[in-house]
Amino acid sequence: MLCTFIGKVQSTARFVDRNICNTMRLKIINGTIITPYRYIRNGTVWVENGIIIGIETRDVDFPGADVIDAEGHYVAPGFIDLHIHGGGGHDFMDGSVEAFLKIAETHAQYGTTAMVPTTLTAEKEDLLETLDFYEKANAANANGAQFLGMHLEGPYFALGQRGAQDPRYIRNPDPKEYEEVLAYSNSITRWSAAPELPGAIDFGKRLKQKGILAAVAHTDAIYEDVLEAFENGYTLATHLYSAMSGVTRRNAFRYAGTIESAFLLDMDVEIIADGVHLPAPLLKLIYKIKGPDRIALITDAMRAAGMPEGESTLGSLKNGLKVIVEDGVAKLPDRTSFAGSVSTADRLVRAMVNMADVSLLDAVRMATATPARIMGVHDRKGTLVAGKDADIVIFDADIRIQRTIIKGKTIYLNAIPQI
């Protein structure tokens, strides 16, 4: 059966009937396949039972397979978002399964096939409730980006680097509290904290013992703090440049901050590459120093992602912060500071190519292979390689998503004929 791919489309989108093109065998033809190191033009991807079973440089017969004609567009691994709060009018802390599922569906339209749902600073009870909803939503998630576990962003932060995090809930690491949270759920895969806080090093050691990714975030740490943290489990810098210290003075002496420490150490970094949080010169600098194998592109998106500009809420509807979305970013109502990203994954790749002068190959790697490695799922995701999950996006020359496939099933299809 030929699952014809429509090459000329409007930006208007729709989800497809999941009975279409969802047979056990699938073949994608006539695409420019993006591998970790090269393009395969007019290549073919074979998929069986949701797994990639082969990549070919030509069309090869695959009996019984549905066929997707990519019509010369790019065929890439699905984007993996390590840090995301919401989208489509929902936030992961809204207290509902529906919020999780709608966020996953929204971002699938923009090429995200896997994500790490992220909290904001909150009371312990709110974190535990969010973990409960995550587990229910994870079991029900069939039409959106897959979940890779929860990211707890805070509440162990430096108050002076809180950004848009609610100061009412910021506190130092408390073993009694975090041990209860860790015992409550096995769904936590990463946790961000300020490493200079009292107890933060022991906290990092505990996360490492549990196999949870520890990340430095919202921090006033200097190099010595970050080095000790790096030696004790903190291997990722959360949204580099945002809510973290740079060079500082203490009693007339200069000290390297968290930003410089992330550059000096063999530490992974994630960046909000929306072209707003980080201007082109900083995107170029980070890429020049860290390279594509140490950089993960993240949306850090709040509920307004994929929505029209205007008023919105950062965090839960119950006690979140009112913001205004304009100029492609969320701002505090007085417009004195950014209050969150409204980016989508395709926008990140586009910005790295168009603003940072990065090759498409490297931009895609930073949205796929590198985050897969950081999250420890590179054995099954992040590259188009035989044996891995068939998480695939097809996009045009402007990096506009035309089709999103998760484990061999078409989740989203931009198939409205252009008028």
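Rules used in this analysis
Residues numbered from 1 in each chain as written. Predicted model: local features only at pLDDT ≥ 70, side-chain atom pairs only at ≥ 80, totals over all residues. Heavy atoms only, no water. Helix = DSSP H or I, 4+ residues; strand = E, 2+ residues; numbered from the N terminus. Rg over C-alpha atoms; globule rule 2.2 N^0.38 Å. Buried < 20%, exposed > 50% of the residue type's maximum accessible area, 1.4 Å probe, protein only. Contact = heavy atoms within 4.5 Å. Areas by Shrake-Rupley, 256 points an atom, 1.4 Å probe, with all protein chains shown as cover. Lys, Arg positive; Asp, Glu negative; His and termini not counted. Charge placed at Lys NZ, Arg CZ, Asp CG, Glu CD. Pairing = 2+ DSSP bridges. Axes fitted to C-alpha atoms, helices over the stretch in contact; angles between N-to-C directions. Parallel < 35°, antiparallel > 145°, perpendicular 65-115°, else oblique. Left-handed = near helix turned anticlockwise from the far one by under 90°. Nonpolar A, V, L, I, M, F, W, Y, C, P; charged D, E, K, R; others polar. Salt bridge = Lys/Arg side-chain N within 4 Å of Asp/Glu carboxyl O.

Per an unreviewed UniProt entry, the protein carries the name N-acetylglucosamine-6-phosphate deacetylase and comes from Dyadobacter beijingensis.

(A) Geometry of the overall build of the protein. Counting its regular elements, the protein contains ten helices and 27 strands. Its C-alpha atoms give the protein a radius of gyration of 21 Å, near enough to 22 Å, the size a compact globule of 419 residues would have. Each principal axis of the C-alpha atoms in the protein carries an extent, and together these give about 70 × 45 × 40 Å. In the protein, which comprises 419 residues, the proportion classed as buried is 60%. The contacts in the protein between residues at least 6 apart in sequence include a share of 69% that link residues at least 24 apart. Within the structure as shown, the protein displays about 16,500 Å² of accessible surface, and the carbon and sulfur contribution to it stands at 50%. Charge separation in the protein, taken as the distance between the mean sites of 43 positive and 52 negative side-chain charges, equals 3 Å.

(B) Structural context of the pairing of strand 25 (residues 392-395). The alternating pattern of strand 25 places Ile 392 and Ile 394 and Val 393 and Phe 395 on opposite faces, both of which are buried. Pairing analysis gives four bridges linking strand 7 (residues 74-77) to strand 25, with the strands arranged antiparallel. The partner of Pro 77 across the bridge, within strand 25, is Ile 392. Here strand 25 pairs with strand 26 (residues 401-406) via four bridges, running antiparallel. Directly across from Phe 395, in strand 26, lies its bridge partner Ile 401. Joining the antiparallel neighbours strand 25 and strand 26 is a turn of five residues, in which Ile 399 adopts a positive phi near 60 degrees.

(C) Region of the structure containing the sheet that holds strand 11 (residues 112-117). Strand order in the open sheet made by the three strands is 8-11-12, with parallel pairing throughout. Edge positions in the sheet fall to strand 8 (79-84) and strand 12 (146-147), since each of these pairs with one other strand and no more. Here four bridges tie strand 8 to strand 11, and the two strands are oriented parallel to one another. Residue pairing across strands places Ile 84 opposite Pro 117, the latter belonging to strand 11.

(D) Inspection of the sheet that holds strand 19 (residues 268-272) at higher detail. Judged by pairing direction, the sheet is parallel, and its six strands sit side by side in the order 13-14-15-16-19-20 without closing on themselves. At either margin of the open sheet sits one strand with a lone partner, and together these are strand 13 (150-153) and strand 20 (295-298). Strand after strand, the sheet turns through a mean of 30 degrees between neighbouring axes, direction not considered. Sheet topology note: the strand 13/strand 14 (residues 188-193) ladder contains four bridges and is parallel.

(E) Representation of the packing of helix 3 (residues 175-184) against helix 4 (residues 200-209) within the structure. It is the contact of helix 3 with helix 4, at a shortest axis distance of 11 Å, that shows an interaxial angle of 15 degrees. With respect to each other, helix 3 and helix 4 are oriented roughly parallel. As for the relative orientation of helix 3 and helix 4, their crossing is right-handed in sense. Contacts between helix 3 and helix 4 involve Tyr 178, Glu 179 and Leu 182 from the first element and Asp 202, Phe 203, Arg 206 and Leu 207 from the second. Partitioned by chemical class, the residues of the contact of helix 3 with helix 4 number four nonpolar, no polar and three charged.

(F) The arrangement of the pattern of salt bridges in detail. Across all of its chains, the model carries 21 salt bridges by this definition. The partner of Asp 389 in a salt bridge is Lys 381, and the shortest N-O contact between them spans 2.9 Å. Salt bridges sharing partners connect three or more residues here, namely Glu 326, Asp 327, Lys 331 and Arg 335.

(G) Structural view of the side chain of Thr 368. Within the secondary structure, Thr 368 is located in the loop between helix 9 (360-367) and helix 10 (369-374). What Thr 368 contacts, discounting residues up to four positions off in sequence, is Pro 77, Gly 78, Phe 79, Ile 80 and Gly 382.

(H) A look at the side chain of Asp 362. Mapped onto the secondary structure, Asp 362 falls in helix 9. Those residues within four positions of Asp 362 in sequence are excluded, and the remaining contacts are Tyr 287 and Pro 292.

(I) Geometry of the packing of helix 8 (residues 345-354) against helix 9. One way to put it is that helix 8 packs onto helix 9 with a least axis distance of 9 Å and a crossing angle of 145 degrees. For the pair helix 8 and helix 9, the crossing hand works out as right-handed. Contact residues: helix 8 offers Val 349, Met 352 and Val 353, while helix 9 offers Leu 360, Ala 363, Val 364, Met 366 and Ala 367. Of the residues belonging to the contact of helix 8 with helix 9, the class tally is eight nonpolar, no polar and no charged.

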